[in-house]
Amino acid sequence: MINHLTDYEPTDAELDRIFATMPGTSSAKRTPPPDRMSNVKSSIYIFDAAEAVRVRPPKEYLFGACSPGIISMIVGDGSVGKSYLMLQLMVTLALHDRPQLAAWATAFGVKRPRTSSFVSLEDNADELHLRMQAIYKHLKLTPADATTIAGRCSFPVLEGSGFTVCDPAWTAATVTALKGRHPDGLDLLIIDTLSAAHTASESDNSSMNEVMQSIAQMREALGCTILLVHHVSKDAVRKPSTVPNASASRGASAVANRARMVMMLRPRDVDADDGVIELTVPKLNGGKRPKPQLWKAVEGGDGVLDPIVTAPNIVGKVTSKTPQPAKTKPNRQKTTTTKEVQHAKK
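Counting starts from 1 at the beginning of each chain's written sequence and moves along it residue by residue. Local features are withheld for residues below a pLDDT of 70 in this predicted model, meaning they are given only at 70 or higher, and side-chain atom pairs are given and counted only at 80 or more; totals for whole chains, interfaces and linings count all residues. Values reported for side chains reflect all heavy atoms of the structure, with hydrogen atoms and water molecules removed beforehand.

Some thoughts on the side chain of Ser154
A run of H or I in DSSP becomes a helix once it reaches four residues, and a run of E becomes a strand once it reaches two; helices and strands are each numbered from the N terminus. Turning to its location among the elements, Ser154 is positioned in strand S5 (residues 153-154). Relative accessible area decides the class of each residue, using a 1.4 Å probe on protein chains only: under 20% of the type maximum gives buried, over 50% gives exposed, and in between gives partly exposed. You can call Ser154 buried: its relative accessible area is 5%. Any two residues having at least one pair of non-hydrogen atoms within 4.5 Å are treated as being in contact. Those residues in contact with Ser154, other than ones at most four positions away along the chain, are Met90, Ser116, Ser117, Phe118, Leu178, Arg181 and His182.

As structure tokens, then:
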């Protein structure tokens, strides 16, 4: 099926030909160290196309249209509800078959239990406690439900720790900790937020390419989907009525380009201030984009959101106005004048 290149050893002539295209490398430096060569070789795979004809694995989704093992993003303005929605997604992945989560499971497209982790880089443990407590209260979860969530979810709090994905020491320590916490495997890693996970210039494509490459290496080491919580650009905030697109994410285009799926969360109508937000998928590689979805802040729910299942005109802007019947022209009969009667008698 997929083969490592572990049995291949390049000759000196082949190495010279490869490194000849690299300026500034002397012949003494052209041969990489054995450990480096081993690491590079083990990272190269050859796919056997014949196997694809005989074996076709079924298409599987982590949730909704999100495939396992990809880098994905959710973007939105500050305080729109991105973090809350991701915590609700984690609870749904852990307790998808509970009756009180039926609406959430349908909205998220969750069909079986999954493990997940939420790396908090902006909120402390007290804030996470309050948010999870609000979710538990809204769903009326039992202590047994909370124990199940604790077994399938983890919440590393790295706020103020100096964590950065570009530091090999930090990423190695995080990967080790998550593997220890989820010995049977991790399905989803949420990083909240992307901007707090690095110190690079967000507007520089080269720098952000390196950041995204480091995240891809974390994904490879954990074997899971990574979902980045990110902010939108200033233009997207100023023009919320424009059509959602992946370029609305803040910073260099390299970020959205490296993500296989981009979700966008924004108020349905900034002027209405009715607590209704719209979730769209402006970018999805290898699948059909789902229709926009509406969520509404629960009254007294401290930020918890519920999906609007039967929202009118969910594809476009929702309006609360009652449709009026079409106007019809009155049937006016023509009246006969005195002159017309006299003319008819003649």
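Description of the pattern of salt bridges
By convention in these notes, a salt bridge is any Lys or Arg side-chain nitrogen within 4 Å of a carboxyl oxygen on Asp or Glu. Tallied over the full model, the rule gives eight salt bridges. Of the charged contacts in the structure, one is a salt bridge between Glu60 and Arg112, with a shortest N-O distance of 2.9 Å. You can see Glu60 sitting in the loop between helix H3 (49-54) and strand S3 (71-76) and its partner Arg112 sitting in the loop between helix H5 (102-108) and strand S4 (116-120), a full 52 residues away along the chain. A salt bridge links Asp145 to Arg98, with the shortest nitrogen-to-oxygen separation between them at 2.9 Å. One end of the pair, Asp145, is in helix H7 (residues 143-152); the other, Arg98, is in the loop between helix H4 (82-94) and H5, and 47 residues separate them in sequence.

Considerations on unusual backbone geometry
Here Asp192 and Thr193 are connected by a cis peptide whose omega angle stands at 5°. Of note in the backbone geometry, Ser79 takes a positive phi value of approximately 70° without being a glycine. You can see Ser79 is positioned in the loop between S3 and H4. Owing to a relative accessible area of 83%, Ser79 belongs among the exposed residues under this scheme. Its identity as a non-glycine residue notwithstanding, Lys140 has a phi of 55°, on the positive side.

Side note on the pairing of strand S6 (residues 188-192)
Burial within S6 is extensive, with five of its five residues counted as buried. As defined by bridge partners, S4 adjoins S6 across five bridges and the pair is classed as parallel. When the bridges of S6 are listed, Ser117 appears paired with Leu189. Strand pairing is assigned whenever DSSP detects at least two bridges linking the two strands. The pairing of S6 with strand S7 (residues 225-231) spans five bridges and is parallel. Note that in S7 the partner of Ile191 across the bridge is Leu228.

So, the sheet that holds S3
Within a sheet, adjacent strands bond to each other through the backbone by hydrogen bonds, running parallel or antiparallel. The mixed open sheet is built from nine strands, whose spatial order is S5-S4-S6-S7-S3-S8-S9-S10-S11. Looking at strand neighbours, the two that pair on one side only are S5 and strand S11 (305-307), the edges of this open sheet. Both strand S8 (residues 261-267) and strand S9 (residues 276-284) contribute to a ladder of six bridges, which runs antiparallel. The partner of Leu265 across the bridge, within S9, is Leu279.

Some details on the pairing of S4
Counting buried positions along S4 yields five of five residues, so the element is predominantly enclosed. Burial along S4 is two-sided: Ser116, Phe118 and Ser120 and Ser117 and Val119, pointing in opposite directions, are all buried. Where S4 and S5 come together, two bridges link them in parallel fashion. Residue pairing across strands places Ser117 opposite Ser154, the latter belonging to S5.

A look at the confidence of the model for the protein chain
When pLDDT is low, close inspection of the predicted coordinates is not appropriate. The predictor attaches a confidence to each residue, called pLDDT, with possible values from 0 through 100. When pLDDT is averaged along the protein chain, the result is 81; 71% of the residues meet or exceed 70. Predicted confidence is poor over residues 25-30, with pLDDT under 50, and the contacts of this stretch with residues over four places away or in other chains come to four contacts. This stretch, residues 310-324, has a pLDDT under 50; its non-local contacts, to residues over four places away or in other chains, come to 14 contacts.

Comments concerning the packing of helix H8 (residues 168-181) against helix H9 (residues 205-222)
To define axes, lines are fitted to C-alpha atoms, for helices over the stretch in contact only, and angles between the resulting N-to-C directions are given on a 0 to 180 degree scale. Two numbers describe how H8 lies on H9: the axes approach to 10 Å, and their chain directions differ by 30°. Of the possible angle classes, the one that applies to H8 and H9 is roughly parallel. The handedness of the crossing between H8 and H9 comes out as right-handed. Contacts between H8 and H9 involve Thr171, Thr174, Val175, Leu178 and Lys179 on the former and, on the latter, Met218, Ala221 and Leu222. Residues are sorted three ways: Asp, Glu, Lys and Arg are charged, Ala, Val, Leu, Ile, Met, Phe, Trp, Tyr, Cys and Pro are nonpolar, and all the rest, Gly among them, are polar. Residues that form the contact of H8 with H9 fall into these classes: five nonpolar, two polar and one charged. Any angle between 65 and 115 degrees counts as roughly perpendicular, while under 35 counts as roughly parallel, over 145 as roughly antiparallel, and the rest as oblique. By definition, any crossing whose near helix is turned counterclockwise from its far helix by less than a right angle is left-handed, and any crossing with a clockwise turn is right-handed.

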